[in-house]
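# A closer look at the structure
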Amino acid sequence: MHDFSEIIDAEQEHNDELRSISLSITDPEYHLHQIPLANNHLNSNNNKALRSIKSGNASYQKVLRSKKTVSLRRVADDRSIACGGVLSSRQRLNYLSNRRVGSILILGLVYFILTTFLHKDDALDEYLRKVKEENEAIARRETLVQQTKYSVDRFKRMQQILQPISDSDGYSYQVFMHVDTPQFKALNWISNLDLMRIEITNNNKQHLVQRYVLAVLYYSTGGESDWARQMNWLSSSHECDWNDDGGIRECDDEKRVVDIALFNNLTGTIPHEISHLDQLKKLYMSRNSLTGTIPTSMKQMQELTYISLNDNKLVGTVPLELGMLPKLKYLYLHKNDLGGTVNSDHPICKDLRRTNQLLAMTLDCRGIHRVVFAEIICEEGCCTKCYRF
């Protein structure tokens, strides 16, 4: 009979060593310095126990082999078990490193798959966005072409109607060939920029002419840059509403302008197109910086009763044509740079003053005796008051 007490003690020590090695594999820093001793002691005990088993009970040998196999599976990989041994320190580190590398590879693969699909979605969205932008650009170009064609057609039709208004010397077409002229700007505005969008019909011709003439007046007298107040000029409202402390002060029942007051830092010249405001009764454009001459075309303004152009920088002479205004009562032209002579043969004196139709006329007809000569000569009985400039 064999003494099993020695074998049982060896098995107990064997299990303790395996448990210690398992802990060291789980936590590599735990008893790391004890591993070489444990391995040597384990090998000696294993040899001793195996010798007893080989010469002893076969059933106990089977039990010991089973327990050893179970214990070794906890701490060894397949290769070490096949060799009948346990993991060394280097093998344990390799084992842990392989596990970490495997985890990293798996995470990397997952990340690659996810980002690939996400990038595909982003690329698809970017492609669809570009397609949408291109379609919108094509639609805008087509719309612009249509609008341009419509604008050109409307501009040409407007020009046919309004060109005679600006035709003072038979060469009015030239003023529409230069984009910087007041006439071209007014025509372009009423054709394409005016939000009122007046239809081009015979019934609207009078309205179109009046609106165009007022636009020419705006551009001719520095409305874009020099006017102190815009007074709703060139707004989408009817021109009878172009007023704000001045401007169009009155219209008749047919919405024809009858009173204009512009004390508004006007520059430039008085356009001859103003004569097409044939229902105008009062024209106040004094205390500005107007230059040029007084338009002779004003003779067409047969309803004028009041003209105030004083305190400007007008040059030339007093037009004879002003004597052809049958209803003119007040004519203020002082504080300008006008010259010449207004004598008894001048229509203003001959036809208006002597018939007491003209109640007041002022000019710079006063000088300083033997020092400063008068800028303009006005015979007695023609001017009601002479100013010294």
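Before any of the text, the structure's been laid out above.
Description of the structure in this document. (Residues numbered from 1 in each chain as written. Predicted model: local features only at pLDDT ≥ 70, side-chain atom pairs only at ≥ 80, totals over all residues. Heavy atoms only, no water.)

In terms of residue burial, strand E2 (residues 257-261) counts as a mostly covered element, since five of its five residues are buried. Of the strand pairs in this sheet, strand E1 (residues 247-251) and E2 are connected by four bridges, and their pairing is antiparallel. When the bridges of E2 are listed, Gly 247 appears paired with Ala 261. Hairpin remark: E1 followed by E2, antiparallel, with five residues in the connecting loop; positive phi at Lys 255, about 60°. One ladder, built from three bridges, connects E2 with strand E3 (residues 282-284); its direction is parallel. Across the sheet, residue Asp 259 finds its bridge partner in E3, namely Lys 282. (Buried < 20%, exposed > 50% of the residue type's maximum accessible area, 1.4 Å probe, protein only. Helix = DSSP H or I, 4+ residues; strand = E, 2+ residues; numbered from the N terminus. Pairing = 2+ DSSP bridges.)

Within this structure, the stated rule accounts for eleven aromatic pairs. Summarising the aromatic geometry, the rings of Trp 227 and Trp 233 are spaced 5.3 Å apart at their centres and angled 80° between planes, so their arrangement reads as edge-to-face. Ring centres of Tyr 306 and Tyr 330 lie 5.4 Å apart, and the angle between their planes is 35°; this geometry places the pair in the tilted category. Taken together, the positions of Tyr 306 in strand E4 (residues 306-308) and Tyr 330 in strand E6 (residues 330-332) put the pair 24 residues apart, joining distant regions of the chain. Connected via pairs of aromatic rings, a cluster forms that spans Trp 189, Tyr 218, Tyr 219, Trp 227, Trp 233 and Trp 242. In this arrangement the basic side chain of Arg 249 is found over the ring face of Tyr 284, its NZ or CZ atom lying 4.8 Å from the centre. Residue placement shows Arg 287 over the ring face of Phe 263; its charged tip is 4.7 Å from the ring centre. (Phe/Tyr/Trp six-rings, centres within 6.5 Å; stacked < 30°, edge-to-face > 60°. Lys NZ or Arg CZ within 6 Å of the ring centre and 35° of its normal.)

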